[in-house]
Amino acid sequence: MAAGDGDVKLGTLGSGSESSSDGSSESPSGESPAASLPRMKKRDFSLEQLRQYDGSRTPRILLAVNGKVFDVTKGSKFYGPAGPYGIFAGRDASRGLATFCLDKDALRDEYDDLSDLNAVQMESVREWEMQFKEKYDYVGRLLKPGEEPSEYTDEEDTKDHNKQD
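Presented here is an overview of the structure given in this document. This one's a predicted model, so the numbers in the text were calculated from it and none came from an experiment. (Residues numbered from 1 in each chain as written. Predicted model: local features only at pLDDT ≥ 70, side-chain atom pairs only at ≥ 80, totals over all residues. Heavy atoms only, no water.)

### Some points on unusual backbone geometry
Thinking step 1. Non-glycine residue asparagine 66 carries a positive phi angle of around 55 degrees.
Thinking step 2. Mapped onto the elements, asparagine 66 comes out in the loop between β1 (62-65) and β2 (68-71).
Thinking step 3. Residue asparagine 66 is classed as partly exposed on the basis of its relative accessible area, which comes to 23%.
Thinking step 4. The phi angle at phenylalanine 100 is positive, at roughly 55 degrees, despite the residue not being glycine. (Helix = DSSP H or I, 4+ residues; strand = E, 2+ residues; numbered from the N terminus. Buried < 20%, exposed > 50% of the residue type's maximum accessible area, 1.4 Å probe, protein only.)

What follows is the structure, encoded as structure tokens:
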């Protein structure tokens, strides 16, 4: 796809801590929508389950990168329905991030094993995964078709969240 054909180049990850152009915060109380949501318990997601968390049906926004699911709700300004990266909400964003493409054609409706990506693109996916790990809560794995979800104990859930805080 040539530049200018609707292909948008990706910038930096939204942290959700930025204020709007007029200097106000996202809500009248000064709290982002994420501030009022409890931390999500760790669990695994099928693609169908992940799609429910696109920010339009529920205030929580999840996306997957390299088989890992992250809660990006605090970045709703970026990943919400009206955000510049809203196309990734409730989806596996790996291919779009690897190819620096925000076009809907860069996302797959079925499980994407990324096997056709080259070494540079796979390295890009791993770098994006690391950035998401640093900024957002890891909430589980993206399941391959037929794969059973893991059972997470409260202890594992707490340990993982404390590791990220």
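### Thoughts on the nonpolar core
A general tendency of soluble globular proteins is for nonpolar side chains to be buried together.
Thinking step 1. Leu63, Val65, Val72, Tyr79, Phe88 and Phe132 are the most contacted members of the largest nonpolar core, which totals 24 residues.
Thinking step 2. Looking at this core, the elements with two or more residues in it are β1, α2 (76-79), α3 (94-98) and α4 (119-135).
Thinking step 3. If one sorts the elements of this core by residue count, α4 sits on top with 4 residues.
Thinking step 4. Grouped together as the second largest cluster of nonpolar side chains are 10 residues, Phe45, Leu50, Leu62 and Val139 included. (Core = buried A, V, L, I, M, F, W, Y, C linked by side-chain atoms within 4.5 Å.)

### Quick look at the packing of aromatic side chains
Thinking step 1. Summed over all chains, the structure comprises 8 aromatic pairs.
Thinking step 2. Pairing phenylalanine 45 with tyrosine 53 gives two aromatic rings, centres 5.9 Å apart and planes at 85 degrees, and the pair type is edge-to-face. For the pair phenylalanine 45 and tyrosine 53, one class covers both residues: buried.
Thinking step 3. Judged by centre distance (5.7 Å) and plane angle (35 degrees), the rings of phenylalanine 132 and tyrosine 136 are tilted. Side by side, phenylalanine 132 and tyrosine 136 carry an identical accessibility label, which is buried.
Thinking step 4. In textbook terms, an aromatic cluster arises when at least three aromatic residues are bridged by ring pairs, as seen for Phe70, Tyr79, Tyr85, Trp128, Phe132, Tyr136 and Tyr138. (Phe/Tyr/Trp six-rings, centres within 6.5 Å; stacked < 30°, edge-to-face > 60°.)

### Focus: the pairing of β2
Thinking step 1. Note: β1 against β2, 4 bridges, orientation antiparallel. Counted as the bridge partner of alanine 64 is valine 69 from β2.
Thinking step 2. Between the antiparallel neighbours β1 and β2 lie 2 residues, among them asparagine 66 with a positive phi of about 55 degrees.
Thinking step 3. Direction of pairing for β2 relative to strand β3 (residues 137-141): antiparallel, over a ladder of 4 bridges. Its bridge partner lying in β3, valine 69 is registered against glycine 140. (Pairing = 2+ DSSP bridges.)

This is a description of form; function is not addressed.
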